[in-house]
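So the chains spell out like this:
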Amino acid sequence: MADRPDAPTWLGDRFEVTVGPVAHGGHCVARHEGRVVFVRHALPGERVVVAVTEDRHPGYCRADAVEVLDASPDRVERPCPYSGPGKCGGCDWQHVAPEAQRRLKGDVVTEQFARLAGMDVSLDVEELPGGPLRWRSRARFAVDRTGRPGLRPHRSREVVVLDDCPITVEPAVEAVLGRRWDGAGAVDVAVDSVGGVTTTTLDRRGHPQSTRVVRPTGAASSAATGSRAERKAWHRDWQGEGTGFWQGHPAAAGALVGAVAGFAGVRPGERVLDLYAGAGLFGGSLAPGVGPDGQVICVESDAGACAAASDNLSDLPQAEVWQGDVDAEGLTDLLAELDGPPDVVVLDPPRSGAGREVSAVLADTRARAVVYVACDPASLARDVAVFAEAGWRLTGLRAYDAFPMTAHVECVALLEPAAD
């Protein structure tokens, strides 16, 4: 309570509230005695009893809905026994019908653009095939001090020991849960498109310790960290680091490439920059469209991802892989090396977004289109606002429910310079 030295704490208090609108981050907004209460495990319009779980700031506190007095028609029974107040924090919307989850996510995107970019957007969050469970092909499980794996409660360092995770594909669950991981702080697991299972143990500082790969035949491999996994998306086969970045939902990569390709509309002879390129998914998918006289430059900082991208794009002579950080200085130098501006820029930055400086550099290019892939609508809205300040227009926006049962949503935005 350092921020409220003269105020009593509400921590542990229980009181009744009527729940207001959904907010970014997997909770809804309520008010009590003039203060904001961020409520998890509730839905807009519900009347609930909350228990305050955190009270550190003068203007707001955090709470869980522990009793539902008037339920929303969108409320359902949680399919996971580990979900709920004080339990696993991996999912935000287990208590919400899937179609209502998508409406809530659309409301969050709309609110973030209104608040952070001053823009009025409206969209439907698109469903991906496969349903809301058993979609997660990549996961990180925490490990407690006795070597037992699980997941953490919301905003906690404790570990809820699990014997199942219903949103995670069964081969990944079987590879990690129900066994001991002595000496590890966490275990990354990924299942690729052909059934290969990769597990990487990490120490308590998050540093990789060892990697194990089990091929579909069941034969174990003692491959070193960075072993390749097989992926399929957009009519091509891809290789990537076993537990390295790839979309967790099996259908997400293809859906996002389809949206990017549709917005980019690349033409023969054009130059494309693919920033934060990873294993080259977007650049490699767009390269055939620019043809042999075009150019695709994939920029990625991670050495392992660059090596995978080079292999993935080896049959596309118009595609190049450049290793380097995507920051304002490096991007400015890269643009200066080119013999002309890019026609299209594609970027898929981390959750924190590209940031003001990188967005400003891109807005100064003479590209005809920037296609921005984002896993956080707040970061996307902030960066879109930078483009808008420079005269660009948001001309397309799609969103995908690539993370069912969670508050996360994947967006693809099309930005175009204003007409002269």
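Definitions and limits used
Residues numbered from 1 in each chain as written. Predicted model: local features only at pLDDT ≥ 70, side-chain atom pairs only at ≥ 80, totals over all residues. Heavy atoms only, no water. Core = buried A, V, L, I, M, F, W, Y, C linked by side-chain atoms within 4.5 Å. Buried < 20%, exposed > 50% of the residue type's maximum accessible area, 1.4 Å probe, protein only. Helix = DSSP H or I, 4+ residues; strand = E, 2+ residues; numbered from the N terminus. Contact = heavy atoms within 4.5 Å. Expected span 1.5 Å × (residues − 1). pLDDT = per-residue confidence, 0-100. Disulfide = S-S within 2.5 Å. Pairing = 2+ DSSP bridges.

### Quick look at the nonpolar core
(1) Moving on: If you look at the biggest cluster of nonpolar residues, it comprises 64 residues, and the most contacted ones within it are Phe141 and Val412.
(2) Moving on: Sorting elements by how many residues they give to this core places helix α3 (residues 252-264) first, with nine residues.
(3) Moving on: If we skip the residues at most four places from it in the chain, Val412 touches Leu256, Ala259, Val260, Phe263, Val371, Tyr372, Val373, Gly396, Leu397, Arg398 and Tyr400.
(4) Moving on: Membership of the second largest hydrophobic core comes to 41 residues, among which are Ile297, Ala328, Val370 and Leu415.

### As for unusual backbone geometry
(1) Moving on: Phi at Arg134 is positive, roughly 55°, even though this residue is not glycine.
(2) Moving on: With respect to the secondary-structure elements, Arg134 resides in the loop between β7 (125-126) and β8 (138-143).
(3) Moving on: We note that His235 has phi near 65°; this positive angle belongs to a residue other than glycine.
(4) Moving on: Relative to the helices and strands, His235 is located in the loop between β15 (228-233) and β16 (236-241).

### Describing helix α1 (residues 98-117)
(1) Moving on: If you check α1, its first and last C-alpha atoms are 28 Å apart, about what 20 residues at 1.5 Å a residue would give, namely 28 Å.
(2) Moving on: All of the buried residues in α1 are Ala100, Gln101, Arg102, Leu104, Lys105, Gly106, Val108, Val109, Gln112, Phe113 and Ala117.
(3) Moving on: Gly118 lies just past α1 and shows a positive phi near 65°.

### What to know about the confidence of the model for the protein chain
(1) Moving on: This prediction gives the protein chain a mean pLDDT of 94; 95% of its residues lie at or above 70.
(2) Moving on: Here residues 218-226 is a poorly scored stretch, pLDDT under 50, and it has 14 contacts once near neighbours within four places are set aside; other chains count.

### Focus on the state of the cysteines
(1) Moving on: Taken as a whole and assessed by the stated rule, the structure comprises zero disulfides.
(2) Moving on: Here Cys61 stays free of any disulfide, with the sulfur of Cys28 as its closest cysteine sulfur at 14 Å.
(3) Moving on: In this structure Cys61 comes out as buried when scored by relative accessible area, which is 1%.
(4) Moving on: The thiol of Cys88 is not disulfide-bonded; the next cysteine sulfur, from Cys80, is found 6.4 Å away.

### Side note on the pairing of strand β11 (residues 186-191)
(1) Moving on: Counting buried positions along β11 gives six out of six residues, so the element sits mostly inside the fold.
(2) Moving on: Residues of β11 alternate between two faces, with Ala186, Asp188 and Ala190 on one and Val187, Val189 and Val191 on the opposite face, all of them buried.
(3) Moving on: Strand direction decides the pairing type here: β8 and β11, joined by five bridges, are antiparallel. Bridge pairing in β11 places Arg138 opposite Ala190.
(4) Moving on: Across six bridges, β11 lies against strand β12 (residues 197-202) in antiparallel orientation. Across the sheet, the residue bridging to Val187 is Thr201, located in β12.
(5) Moving on: Linking two consecutive strands that pair antiparallel, namely β11 and β12, is a turn of five residues; a positive phi of about 95° is found at Gly195 within it.

### Focus on the pairing of strand β6 (residues 60-70)
(1) Moving on: Relative to β6, strand β4 (residues 35-40) runs parallel, the two sharing five bridges. Each residue of the ladder has a partner; that of Val37, found in β6, is Cys61.
(2) Moving on: Here strand β5 (residues 47-54) pairs with β6 via seven bridges, running antiparallel. What sits directly across from Val48, in β6, is Val68.
(3) Moving on: In this structure, the hairpin formed by β5 and β6 is closed by a connection of five residues.

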